[in-house]
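# A look at the structure
One-letter residues, chain by chain:
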Amino acid sequence: MKDKKSALHISEGTENPGTFDPKLLQKFKRKKHSVEEYVEGIMGGDRILLSQAITLIESSKEEHQAAAEQIVAACLEQPHNSIRIGITGSPGVGKSTFIESFGKLLIEKGLKVAVLAIDPSSQLTHGSILGDKTRMQDLSVHPSAFVRPSPAGDSLGGVARKTRETIFLCEAAGFDVIIIETVGVGQSETAVHSMVDFFLLLLLPNAGDELQGIKRGVVEMADLIAVNKSDGAAMSQAKLAKAQYQNALHLFPPKAGGWIATAELCSGLSAMGIDLIWEKIGEFKSSMQANGHWQQHRAEQSKYWMHESIMQHLKDLFYHHPAVLDKMQAIEQAVEEGKISSFKAAKILLDTFLNYEL
Ligand code: GDP
């Protein structure tokens, strides 16, 4: 028996609580919903059903995928007037702080904001650059916002496809602004660029570091460069950086649709310049919608994703094919030992796949 003075002592006469009512327990167990229930729930703004439907998209189980496909198809039919914004930048540039400020500003304007993430690090290292800390604390609990971390997956293509489908669900759920965040290292910017209307690149005021390891191609994709952390003592350096980034942008040919990318100052921490960035995005939307580029860009993206889906599907079929699997290990070993060339090996496996009769 514990010492009575201890906080852990049991008071005399305290009754044991009864066991939990099994019927009640059943009620709390996750209910299976029909596709119609999911779609209705999503359209009605039910966040639990929205989250559960996204989990179906992210699942690799066949029955989940079949349901997810139908939910996505139904959501695609819903009219919406959303804008999809990609935000990228190196770790530590201030993405989550920026999105927190930006999201709050949009909510003040009466808009609903969804934040999705693509984290390439989770495929490479099975760790995560974006997800390790608690991010966007206010936004993630705000009733007008929906924050979803990056799905896990073994290929960037697969993760990106899931995120793209999640966009459609968020749009059907009435979110006006969909932010896709990614970390500026690797291929994920290209994936994000292929699913957003507007691409925002966050950079730091120390422009001397030659675009901070950000690849030229990423700068070329940017519709706007935001020199973030333009506050306090960094202000004069930030102004210089803005001019340098502006010059860097001039080196690229004009963007499709006639949009001229600019560099702007901002601070996610003090919310300085955030309003101007939203104004710029508004200008972009209205001029691109007026000249038809908006619709054309989305149509091209759909075409791109059709090809991506075909490639993904063919790859899956090939790598899961029983006859291919039978031979794979031996052929791989032969290539490693230099007994056959990689081209010959590929041909043998492809022929096995193409000529196999069930
Ligand atoms: P992320 O890794 O790109 O998401 O960056 P975070 O938003 O987590 O910010 C990284 C660090 O920079 C944190 O210590 C932030 O407090 C700080 N930070 C973020 N935004 C600003 C800003 O606008 N100004 C200043 N001075 N610091 C900032």
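Up top is the structure.
Notes on the structure in this doc start here. (Residues numbered from 1 in each chain as written. Predicted model: local features only at pLDDT ≥ 70, side-chain atom pairs only at ≥ 80, totals over all residues. Heavy atoms only, no water.)

Here we take up the site of the ligand. In the region of the ligand, 16 residues are neighbours, and Lys95, Thr97, Arg135, Lys229 and Asp231 sit closest. One of the backbone nitrogen or oxygen atoms of Ser96 is found 3.0 Å away from an oxygen atom of the ligand. Contact between the ligand and Ser267: an oxygen atom at 3.1 Å from a side-chain N or O atom of the residue. In isolation the ligand exposes 580 Å². Once the protein is present, 72% of that is buried. When grouped by side-chain class, the residues that make up the shell around the ligand number three nonpolar, eight polar and five charged. (Near = heavy atom within 4 Å. Polar contact = N/O pair within 3.5 Å; in protein donor to acceptor, adjacent residues only side chain to side chain. Areas by Shrake-Rupley, 256 points an atom, 1.4 Å probe, with all protein chains shown as cover. Nonpolar A, V, L, I, M, F, W, Y, C, P; charged D, E, K, R; others polar.)

The strands that make up a sheet pair up through hydrogen bonds in the backbone, lying either parallel or antiparallel. As summarised here, the arrangement of the seven strands in space is β3-β2-β4-β1-β5-β6-β7, forming an open sheet in which the pairing is parallel. The open sheet has two edge strands, β3 (145-148) and β7 (262-265), and neither has a second partner. Going from strand to strand, the sheet's axes swing by 20° on average, the running direction of each strand aside. The strands touched by helix α11 (residues 235-250) within the sheet are β5 (198-203), β6 (224-227) and β7, with β7 carrying the most contacts at an inclination of about 170°. (Pairing = 2+ DSSP bridges. Helix = DSSP H or I, 4+ residues; strand = E, 2+ residues; numbered from the N terminus. Axes fitted to C-alpha atoms, helices over the stretch in contact; angles between N-to-C directions. Contact = heavy atoms within 4.5 Å.)

Take the side chain of Ser96 next. Among the secondary structure elements, Ser96 is positioned in helix α5 (residues 95-108). Classification of Ser96 by relative accessible area gives buried; the value is 14%. (Buried < 20%, exposed > 50% of the residue type's maximum accessible area, 1.4 Å probe, protein only.)

Roughly 1,100 Å³ of internal volume is contained in the largest pocket. Taken together, 33 residues line the largest pocket, and the ones lying closest to its centre are Gln65, Arg161, Glu165, Gln312 and Asp316. If one sorts the elements of the lining of the largest pocket by residue count, helix α13 (residues 293-319) sits on top with nine residues. Tallied by class, the residues present in the lining of the largest pocket amount to twelve nonpolar, eleven polar and ten charged. (1 Å grid on protein atoms, 1.4 Å probe; cavity = no way out; pocket = protein on both sides within 12 Å on 5 of 7 lines; lining within 4 Å. Points joined across faces, edges and corners; volume = space filled by probe spheres on them.)

Summed over all chains, the structure comprises eleven salt bridges. Put simply, Glu63 and Lys32 hold a salt bridge, and the shortest N to O gap is 3.8 Å. Taken together, the residues span a long stretch of sequence, with Glu63 in helix α4 (residues 62-76) and Lys32 in the loop between α1 (22-28) and α2 (35-43) at a distance of 31 residues. Its relative accessible area of 70% is what places Lys32 among the exposed residues. The shortest N-O distance in the salt bridge between Glu58 and Arg148 comes to 3.1 Å. You can see Glu58 sitting in helix α3 (residues 47-58) and its partner Arg148 sitting in strand β3, a full 90 residues away along the chain. (Salt bridge = Lys/Arg side-chain N within 4 Å of Asp/Glu carboxyl O.)

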